[in-house]
Amino acid sequence: GGGQSRRGAVCVSSQVGCALQCKFCHTGTMPKKILRNLSTSEILAQIMVAKGRLGDFDHDDVYASRRVTHLVFMGMGEPLYNYRNLRQAIEILRENDGLRLSKRRMTVSTA
């Protein structure tokens, strides 16, 4: 209430490190030996931990009063370099039996 936004976004990573080495991003300076894709479950775990810490699961109706309303896949790593696991995570997030997040509330940001 009171003019406050009822939306909250979580920035989600798709990799450990990044091979692109963009000039503006510190992630590309990490040692190449640790570079790897996150599994689908590791991608989903980031969201579940964020929602849990913000109290999104503390209600009888978890869909009525969400604090995490939007996801942005632009954390560590290039999302399209981990396309298979990212796509599977997004499909699970959209499931009616899962978190039921709308595709309009998820953004994939790429280099």
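The paragraphs below set out a description of the structure included in this document.

Thresholds applied
- Each chain has its residues counted from 1, running along the sequence as written.
- At least 70 in pLDDT is required for a residue's local features to be given in this predicted model, at least 80 for side-chain atom pairs to be given and counted, and no such filter applies to totals for whole chains, interfaces and linings, which use all residues.
- Side-chain numbers come from the whole structure's heavy atoms, not from hydrogens or water.
- Each residue's exposure class comes from its accessible area (1.4 Å probe, protein chains only) as a fraction of the maximum for that residue type: buried when under 20%, exposed when over 50%, partly exposed otherwise.
- For helices the rule is a DSSP run of H or I covering at least 4 residues; for strands it is a run of E covering at least 2, with both sets numbered from the N terminus onward.
- Here the rule is simple: two strands pair whenever DSSP picks up at least two bridges between them.
- To form a nonpolar core, buried Ala, Val, Leu, Ile, Met, Phe, Trp, Tyr and Cys residues must be joined to one another through side-chain atoms within 4.5 Å.
- Here, residues are in contact when the closest pair of their heavy atoms is within 4.5 Å.
- The term polar contact refers here to a pair of N or O atoms within 3.5 Å; inside protein, the definition further demands a hydrogen-donor-capable atom paired with an acceptor-capable atom, and it admits residues adjacent in sequence only when both atoms are side-chain atoms.
- Every helix has an expected span of 1.5 Å times one less than the residues it contains.
- Note that the arc is computed from the directions linking the helix axis to the C-beta atoms.
- Note on geometry: axes are C-alpha line fits, over the in-contact stretch for helices, and angles between N-to-C directions span 0 to 180 degrees.

For the rest of this paragraph, the subject is the pairing of strand 1 (residues 9-12). Across the two faces of strand 1 the burial differs, with Val10 and Val12 buried and Ala9 and Cys11 not buried at all. Alignment of strand 1 against strand 4 (residues 70-73), held across four bridges, turns out to be parallel. Note that in strand 4 the partner of valine 12 across the bridge is phenylalanine 73.

Next up on the list: the nonpolar core. In terms of nonpolar packing, the biggest core is built from 17 residues, with Val12, Leu71, Phe73, Leu93 and Met106 touching the most fellow members. Elements with a minimum of two residues in this core: strand 1, helix 1 (40-53), strand 4 and helix 2 (83-94). If near-sequence neighbours (up to four positions away) are discounted, methionine 106 is found in contact with Leu71, Phe73, Ile90, Leu93, Arg94 and Leu101.

Take the side chain of threonine 40 next. Mapped onto the elements of the fold, threonine 40 is located in helix 1. Given a relative accessible area of 11%, threonine 40 falls into the buried group. A distance of 3.4 Å separates a polar atom in the side chain of threonine 40 from the backbone oxygen of asparagine 85. Residues within four places of threonine 40 in sequence aside, it is in contact with Asn85, Gln88, Ala89 and Ile92.

This brings us to helix 1. Between its first and last C-alpha, helix 1 extends 20 Å over 14 residues, near the 20 Å set by a 1.5 Å rise per residue. Listing the buried residues of helix 1 in full gives Thr40, Ile43, Leu44, Ile47, Ala50 and Lys51. All buried residues of helix 1 fall inside an arc of 120° around its axis, so they share one side. Facing away from the buried side of helix 1 by over 90 degrees, the exposed positions are Ser41 and Arg53. One or two steps after helix 1, the chain reaches glycine 55, where phi turns positive at roughly 85°.

The strand order across the open sheet formed by three strands is 1-4-5, and the pairing between neighbours is parallel. The two strands at the open ends of the sheet, each matched to only one other strand, are strand 1 and strand 5 (106-108). Ignoring which end each strand starts from, the neighbouring axes of this sheet average 15° apart. Sheet topology places strand 4 next to strand 5; three bridges connect them, and they run parallel. Residue pairing across strands places valine 72 opposite threonine 107, the latter belonging to strand 5.

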